[in-house]
Each structure stands twice: as C-alpha cells, then as structure tokens.
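Analysis of the macromolecular model
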2 protein chains.
Amino acid sequence: MSRIVQKFGGSSVADADSIKRVAKRIVATRQAGHDVVVVISAMGDTTDELMDLALRVSPRPAPRELDMLLTAGERMSAALLAMAIADLGMTARSFTGSQAGVITTANHGNARIIDITPGRIVSALEEGDVVIVAGFQGVSQDTRDVTTIGRGGSDTTAVALAASLAADHCEIYSDVDGVFTADPRIVPKARHLTEISYEEMLELAACGSKILHLRCVEYARRERIPVHVRSAFTTREGTWVTDLRDDGTERPVIAGVAHDVGEAKITIVGVPDRVGEAARIFQEISSIDVSIDMIVQNVSAVATERTDISFTLPKTDSRAAVEALTGIQQEVDFADLLYDDQIGKVSIVGAGMRSHPGVSATFFAALAEAGINLEMISTSGIRISVVIDDQDVPRAVRAAHTAFGLDADQEATVYAGTGR
Amino acid sequence: MSRIVQKFGGSSVADADSIKRVAKRIVATRQAGHDVVVVISAMGDTTDELMDLALRVSPRPAPRELDMLLTAGERMSAALLAMAIADLGMTARSFTGSQAGVITTANHGNARIIDITPGRIVSALEEGDVVIVAGFQGVSQDTRDVTTIGRGGSDTTAVALAASLAADHCEIYSDVDGVFTADPRIVPKARHLTEISYEEMLELAACGSKILHLRCVEYARRERIPVHVRSAFTTREGTWVTDLRDDGTERPVIAGVAHDVGEAKITIVGVPDRVGEAARIFQEISSIDVSIDMIVQNVSAVATERTDISFTLPKTDSRAAVEALTGIQQEVDFADLLYDDQIGKVSIVGAGMRSHPGVSATFFAALAEAGINLEMISTSGIRISVVIDDQDVPRAVRAAHTAFGLDADQEATVYAGTGR
C-alpha cells in the first residue's frame, strides 16, 4: 500500500465548509487505497489574529509563550478536520507536532527540525486511521517546550514527515494550480509547468517565487521526496518537483522567470581597497542578524584605490542595516552610504543554461530592447538575476518570458540533456 | 516559603485588559513572597465559541477530537497570561495540562483526574518562575490523548494541583465575592460568609449553588486543602471553605439556603408493590446514563398494593428518561407516567441541624406561612430539601432565609458545637 503525505494551507481550510471540502478530498485519497497523513495549517487568518491578540497583551511577547499561543491555531484545524473525516465514515486522529514526534531546536519562532520520530503516526496508520498532524510546530529536544518552525514551516514539516515515513510522495495544496513559468498575474501568457527539478525550484524560491519555501524544497531534494504542488480547489494535476536528471530528453533552457520586489539596495561608496574592509562591513551586517542576497563589487578605480560595494537585502531589514553601517563609517573610512528601496530583482532560472551558451546575451538584449537599465547583475550555475527599477519589473519579466519562448503561444527554446 | 495555587475563571480573563489586570494580581502575590501556581480557564466565551465551530463542522463531533479542539482555549489564555506577567518583570512559564502532569482517565469530555505528577511545575517553581497551568485538561493515562475534565474542571484541577504540590491553600477567583447565605439576586439581604465547612459547601453545591463545583469541594475535603473563594475584581476577603470542626464555637444552625430550577420531576404512578420493581425502574434510568437527584416513594396503598415513585433529574435528561421508562411500562406494569418541569428545589444546609431539633419544623412552618405547597421532601444529615412549584422559589428562599435569622439585619440562630 502506498503512503502519501498531504499538506493543506490556511486558505484551503478558511471556514467550516472548506474544512468539510478538504475532508472529502482526503477521504477520496484514502479510498483510492493509500495511507494518508495530512499536515494542516491554521484556518485562514488565525495565526495573524493570534499574533494581534498577543500584541494587545504584550508589546514584545515572550518567545516561548508566543509559540504556545500560536500553535493553538493548527491544533484547532487539525481537530476539526479529523471530526469532518470521521463524519464521512473514516477513522481519523489528530496529533500535535509534539505528539507526531517532530523534534526541533529550541529557537522559538524559527525552530529547525532536528529529527522526526513518527511512532504514534505509524501505529495510527497501521490501525487504518487517517492521520492529521498540526503543522508549523514541533517540540524542543532540549527543553521539551512547544516550538514553531518559522516561515514555510508547514510545507517543511510535510516533506520531513514524508521522508521519515518513507512516503511515496508529498502533495502540497494551496490556492494555485502549481508552478508557472512566471507569475500569471504579471504574465498572462505564463505556462503551467508539469514538472520542474529540485534545483530549478530552489532557485525560483530563492528569487521571489512564493509557491514553495526554500527550506521545504531543500529538504525534499536532500531526501529525494517528489513533491506535487497543486490546488485544493480543483482536481487538475499540479506541478511535480522531482529529480529531473539530464537523460537526453529535451527540456526548455529556461524553466521560469521569477521576480522579487521585497528587497532594497545599499551601496557603500568609496571603500578603501584594503584587505579586510569588505569583511568588516559584512561582519557588521551579520552581527545584527540581517541576511544579504546579492553582493556586487567592482574592481577599484586605479586612481583612487577605492571601490564601491553594493548589496541587496530584505526591505524590512534596511533600517537596521543602515544604522549599523553608519556606526562603522569612521572605522571603515568609506565615503558615503546610498540607499534605494525602489528596486526589483528579476531572475531567469533553468538547468539548461549550463549547457546552452548565449543565455545571458539573450536576456540582456531583451531587457535592453525594452529600455530597461540594469543596476546589478548576479549569476549562479542555473540562474541569472538582475536588479532594476521596481517600476520596470513587469515589463522585464514579460520581455524575458517572450525572449525564451515561454509564452503559451510559443515554442520554448529547448536543449537536450547531456546524460550526465 | 509558602505555596499558593490560584485559579482564575473565564470572566476574569475575558480580554487583553483583564489578562493584564489578573497578571498584576498574580505578581503582587509573588512579590508578597509566595510560590505561585495559576490555573487558568479559557478567555470569556472561547469554549462556547469553539464548541459552535465544532458543531458547524460536525453534528456529533468525535470526542477525542473535540477535546483536542476545546483545549486550545486554555492554552491560549495560559500563554497570554505568562506574557503579561513577563512584561511586569517576573519570569513566568505556561504549561498544558499534559505538561503539568495532570493524568486522567480516557473518558473524553468528562475525564477524571487519576494522579498529578507535577515534576516540571516544581522545577519551574524552584527556578523562581510563576507557573501558569492550562485548566480543564489533562492527558489520558492509557492512550496519551489530551482530555478535558468536565464541568468544574478548572476548579478541580486547581485543588488537585494544590494537593500534589502540598500548597498552603487554593484561591478560586470568579466574578463573585464568595459564598453568600443565599443567592443575592433573589435575597437582597443575603449575608456574605467568611467561612463555611467542606460538608456544608458540598451540600450547597449539590443543591444548586454554582459557586464551586461538587467535585472540586469533594477533592478539597479529601485532601484537606483550604479553599478561598473570592472575586477577581476586588481585593475583599472572600469565603474560606475549610475544616470547621465542632470546637465549641457558636455557629449559625443554617449556613445557607440554596435553590435549583434546573430539574424536572417524573412520577411513575401505580407501581406494583413487588420486590424488584423499583430496582428495574432505576436500572433502566441508569442504563441511559441519567443521574437521579431526589427519590421519594410512599408506602403503598393497602387496597391497591401499588405505590407511586417520584424522582427528580436534570431537565436536559428528561426526554431520554421518559422514553426509556415508556419502553418498560409493560414489563414493570405501572399505570401511568407523569412529567413536570415547572418545579424548583429549595434546600437549607447547616451542620447545626444535626444537634438542633426543630429545624424541619421551622422550615416547613415558614413555607406554609408563605402559602407554598410542598411536593416532595428529602433530607440528609445536614440538609433538608423541598420540591415546590418553580414560581414559588424566590418567596420560599426568602422565607427560609428570614426564618433562620440569616437576613443581614437579623441575629442568626446559632448553636454551640459539641466538641466532637
């Protein structure tokens, strides 16, 4: 008998009717002969509402207690879902993350899964139950306190559970039909992807795609769990995220175009070209716990022996970063600090670019033809990102989409895998 | 250092402001030098709202899952209260019933506390924390599932915790100042009681008083935990429920007058006066899990060799009882079944009646003078109850209250304890 882990997000269980609808879906899966474990998020906006309630009581809620409070949400939806499934004639049991054996670090609000010991889940499955697990939560290995797993927590829990249960695959349900070649709201001609590789999905997630969280994809890749991303509101096939080895089949050079308007750019002007200056700067940034995305440093001007360093970071962290850097201005002896939060990042992602020369040329030409200025460029093996003015983002995404033949009415530019 | 367990009911923590107010109260207790463990109910109407939500999903919610759902309420208030206390500069930690070591039977919705193993609470107290325990819940010894403890659950948890922690006493906070000689809403001249014995409180609770649940008082009596019932909204002394041994001090003959309008009366007319008939009747009632309160059977009429049996039961159980009895009418061969849900029960309670003759005479005379007809009479060692028309209840309570000198402007009829 096969075993499937399904995850349903908050919008899929926003109210009593939605819960009953999801219950029917789960029962159908079970009736098809599979063992089913469901990871469930809190209903609708429950987590936000609980957060608001916490802030009404305390301006800086104690982290351990905040986790105790927020986890009430998933507990409620898990119990309600189990009730609805029982009404349809199947036995179902809900478990908290702790009861399900999700062991984590003690880092409240952003705990990391250390291990999963799913003993009680396995027993319940052997008794024929549908198992519902409250997502987004676990228990700390050290303190035995309840923890929440941070953004993307429920998706990550689902994949981690799938791995620990040796499940056949993991289904992630949300309100979209899966992964598209670009955001359909910006690119009407975006195509739905039937499948995408772990590596490409990782890059898309890192570059702004909100479909799956980075951590979840990384876990899936590491554990080799196929992930089926699909809509809770239709029965259409979604997108399979799997191990697409280069096997000679033709694949599009570019899998998709991602964009991100949540970042800001900081430029440190006139940094002395001495050993250790860049290190000091990024040490300061990391000491205040800010994550940097792209870093660009050009060769220093021969005349001045100074260089400019630019980097991007989440907008929400910019104030803290600017303050920290201003604090070390004298020490590092840089000339100026520039800040721009009206930027956007556009990225093309595709395993094919490794073996297909000219991709960057095609990309930059398309942007130039659209009259778009490039402020920063950054690349990895299967991704090319540019930072541009945020107002240019929609045009840039559409231009790249068309340039690589991704539009629904085009033939995609393909490459043949190398059989590596 | 002394140790106190405090329990706050839902109305005391109905919103964010109330939570902060209760937090201040708890901090003051801690600052006075006591170890403090707080048992907390869900905020305001949360439990009812969760129940409504369950019923929107399922007409008959699976019991295990209903407990999983309902316990979210206490979890939330416990976490919020701990946050508020932390803001006032004290360390506080919240625990679920399970984490606090409240071990119960597996009877979902009405579990019984089997044991309390408060290891984590004791450790937290030793580290100087204020401990907050989610009330109304525990964990099943057999299944390790979360359970709710039924009506009066939080009060019972508090007293049980006090016993297991060898606490000095237990404070039960609600929105009333403690126990009065009668319901002040019916008897404006009702007096506030400074103290009352476990036995008298037990009777009052059994006879309709809603101040403390029967189970909680029984637990307190058995473990000899003094219980201080008081208001969360004032700092006035409440009522101490303790071991008032007969020590020669003068006490009022009657401690108080209770009333209950939640019962109905069933009369089985013309039951053959044979061995086993009454047994058959009450066996049938108990087989459908209905609790009987008062039973009255008169001697049979010599001529007919038949007798009437009347009993009272909760109104909510009457339909089931009537159906069950109708089902055995032929077997038992009784003549008729009468049903009356417009009854009320009025009871006078007092340890003094054991040694003070004439109490029933005084009681019945007062009722007669008020023109009130008695339908049933039932007594125990320290209680006399009458069943009357429910419209007569307020007058009956006031008449008894005055007859025993309990009115605020009177001298109470007293007795001297016998030193037993």
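Residues numbered from 1 in each chain as written. Chains lettered and ligands numbered in written order. Predicted model: local features only at pLDDT ≥ 70, side-chain atom pairs only at ≥ 80, totals over all residues. Heavy atoms only, no water.

Chain A appears in an unreviewed UniProt entry as Aspartokinase from Microlunatus parietis.

**Let's talk about the environment of Arg383 of chain B**
All names here are of chain B. Among the secondary structure elements, Arg383 is positioned in strand β21 (residues 383-389). For Arg383, a relative accessible area of 13% gives the class buried. Sequence separation between Arg383 and Ser360 is 23 residues, and the spatial gap between their C-alpha atoms is 9.6 Å. Once residues within four sequence positions are removed from consideration, Arg383 is found in contact with Glu203, Cys207, Ser347, Ile348, Val349, Met353 and Ser378. (Helix = DSSP H or I, 4+ residues; strand = E, 2+ residues; numbered from the N terminus. Buried < 20%, exposed > 50% of the residue type's maximum accessible area, 1.4 Å probe, protein only. Contact = heavy atoms within 4.5 Å.)

**Observations concerning the relation of the copies chain A and chain B**
Related by rotation about an axis and a shift along that axis, the two copies of the chain form a pair. Each copy of the sequence occupies a distinct position, and chain A is placed on chain B by a rotation of 179° and an axial shift of 0.1 Å, giving an RMSD of 0.1 Å. Here the two chains are linked by the operation of a two-fold rotation axis. Identified as the residue of chain A closest to the rotation axis by C-alpha distance is Ala72 of chain A, at 2.5 Å. Both copies share a contact surface, since 98% of the interface residues of chain A are interface residues in chain B too. (Least-squares fit on C-alpha atoms with pLDDT ≥ 70 in both.)

**A closer look at the interface of chain A and chain B**
On the chain B side, the residues contacting the 41 residues of chain A number 41 residues. In this assembly, chain A packs against chain B so that about 3300 Å² is buried in total across both faces, 62% of it on carbon and sulfur atoms. When residues of chain A are sorted by the area they lose upon contact with chain B, Val57, Arg75 and Met83 of chain A head the list and together hold 22% of the total. Applying the counting criterion to the chain A and chain B interface returns two salt bridges. With a shortest N-O distance of 3.4 Å, Arg120 of chain B and Asp145 of chain A are connected by a salt bridge. Linking chain A to chain B there are 18 residue pairs in polar contact (both at pLDDT 80 or more). Per-element accounting of the side of chain A that touches chain B gives the leading share, 16 residues, to helix α3 (residues 63-87) of chain A. (Buried area = accessible area lost by both parts, 1.4 Å probe. Salt bridge = Lys/Arg side-chain N within 4 Å of Asp/Glu carboxyl O. Polar contact = N/O pair within 3.5 Å; in protein donor to acceptor, adjacent residues only side chain to side chain.)

**Brief notes about a negative patch on the surface**
On the surface, Asp45, Asp48, Glu49 and Asp52 of chain A cluster together to form a negatively charged patch. Relative to the helices and strands, Asp48 of chain A resides in helix α2 (residues 46-57). (Patch = residues over 30% accessible without salt bridge, like charges linked within 9 Å, V, L, I, M, F, W, Y side chains within 5 Å. Areas by Shrake-Rupley, 256 points an atom, 1.4 Å probe, with all protein chains shown as cover. Lys, Arg positive; Asp, Glu negative; His and termini not counted. Charge placed at Lys NZ, Arg CZ, Asp CG, Glu CD.)

**Here we look at the UniProt feature "binding site: substrate" (unreviewed entry) in chain A**
Residue and element names in this part refer to chain A. Feature annotation in UniProt assigns "binding site: substrate" (unreviewed entry) to the following positions: Thr47 and Glu74. The largest pairwise C-alpha distance within this set of annotated residues, which runs over 28 residues, is 8.6 Å, so the set is compact in three dimensions. By the secondary structure assignment, Thr47 is in helix α2. Taking relative accessible area as the criterion, Thr47 reaches 24% and is therefore assigned partly exposed. (UniProt positions renumbered as here; feature names shortened; annotations may be inferred.)

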